[in-house]
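# Coordinate analysis (summary)
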Amino acid sequence: MQDSKLLLVDDEQAILQMLKTILQREQFKNMDTASTAAEALELCRANTYDLILLDVMLPDRSGFDICPLIRETTDAPIFFLTARSTDLDKLSGFALGADDYITKPFNPLEVAARIKAHLRRHKGSQPVSVQTIYDFGRIKINTLAGEVTVAGKKLDLPAQVYQLLLFLSKHPNQLFSKSQIYEHVWGEAGFGEDNTVMVHIRKLREKIENSPSSPCHIITVRGLGYKFVPEGRIHEHS
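Residues numbered from 1 in each chain as written. Predicted model: local features only at pLDDT ≥ 70, side-chain atom pairs only at ≥ 80, totals over all residues. Heavy atoms only, no water.

Once that is clear, we can look at helix 7 (residues 178-186). Among the residues of helix 7, those classed as buried are Ile181, Tyr182, Val185 and Trp186. Buried residues of helix 7 fall within an arc of 100 degrees about the axis and therefore sit on the same side. Positioned one or two residues after helix 7, glycine 187 has a phi angle of 80 degrees, which is positive. (Buried < 20%, exposed > 50% of the residue type's maximum accessible area, 1.4 Å probe, protein only. Helix = DSSP H or I, 4+ residues; strand = E, 2+ residues; numbered from the N terminus. Arc of directions from axis to C-beta.)

Dropping the structure here:
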């Protein structure tokens, strides 16, 4: 994790310095900082990052505005950092491709813990020598290539949506509560994170279902949670 490269974007220098200090204590040594949207976009186009902390309220453009532009250059996880804490703001952030949403004021140690959990999970999910192809008929997942196809068409999935699909695919026909899904996919206790799961479930349905409003794969069990109902079998290839 020490070799992970982070980008911290915030227009308040005190916050940037506090985050850098805490993250350095947590063994993160490779960090860039930006205080404007223009600087953040320039850095993203010139460098490869493992994770981006992106403030929403920047002086030139909002983090919401530039998130899709950043997504054109990288699939690195993006954590929004903002004082805007309404459910609508959070839903907007996730809809734009964010992987987490941290509200100000925040505990910098919690931010560091979330970053470490996400990077640990992401790196731990990378296959080493075994290629697994999940073949569910029209839906296929190649974990070695990190590719998902539906009816032969390759999908462009945000990192967290892909991790959600991968987790559900590994446990077909098994029911999970929202808290369980959050804990497994986001790597931390999921109390009070129902909206996060719901937004990502909706985004996943929009990608893989013929009719997202009447899903046949990602099924809601009212009051209990969700389960993935596949069409085919899982095939593993060495």
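What follows covers the nonpolar core. Ile141, Leu168, Ile181, Leu204 and Ile208 are the most contacted members of the largest nonpolar core, which has 27 residues in total. Of all the secondary-structure elements, those providing two or more residues to this core are strand 6 (131-136), strand 7 (139-142), strand 8 (147-150), helix 6 (159-170), helix 7, helix 8 (194-208) and strand 11 (225-228). Here this core gets seven residues from one element, more than from any other, and that element is helix 6. Beyond its immediate stretch of four places on either side in the chain, isoleucine 181 contacts Leu164, Phe167, Phe176, Trp186, Val197 and Tyr226. (Core = buried A, V, L, I, M, F, W, Y, C linked by side-chain atoms within 4.5 Å. Contact = heavy atoms within 4.5 Å.)

Taken together, the five strands give an open sheet; going across it, the order is 2-1-3-4-5, and neighbouring strands pair in parallel fashion. Strands with a single pairing partner mark the edges of an open sheet, and in this sheet they are strand 2 (30-34) and strand 5 (100-103). Averaged over all neighbouring strand pairs, the angle between strand axes comes to 15 degrees, with direction disregarded. Here strand 1 (residues 5-9) runs beside strand 3 (residues 51-55); their pairing, made up of four bridges, is parallel. (Pairing = 2+ DSSP bridges. Axes fitted to C-alpha atoms, helices over the stretch in contact; angles between N-to-C directions.)

The next point concerns the environment of threonine 48. Relative to the helices and strands, threonine 48 resides in the loop between helix 2 (37-46) and strand 3. Residues threonine 48 and aspartate 75, 27 residues apart in the sequence, show an inter-C-alpha distance of 9.8 Å.

Further remarks concern the packing of helix 6 against helix 8. Their axes nearest at 10 Å, the elements helix 6 and helix 8 cross at an angle of 80 degrees. Classified by the angle their axes make, helix 6 and helix 8 are roughly perpendicular. Only His200, Ile201, Lys203, Leu204 and Ile208 of helix 8 make contact with helix 6, whose side of the interface consists of Gln160, Val161, Leu164, Leu165 and Leu168. Looking at side-chain class alone, the contact of helix 6 with helix 8 contains seven nonpolar, two polar and one charged residues. (Parallel < 35°, antiparallel > 145°, perpendicular 65-115°, else oblique. Nonpolar A, V, L, I, M, F, W, Y, C, P; charged D, E, K, R; others polar.)

For strand 10 (residues 218-221) and strand 11, the ladder comprises four bridges, and the chain directions are antiparallel. Its bridge partner being in strand 11, isoleucine 218 is matched across the sheet by phenylalanine 228. The antiparallel hairpin formed by strand 10 and strand 11 contains three residues in its connecting segment, where glycine 223 sits at a positive phi of about 80 degrees.

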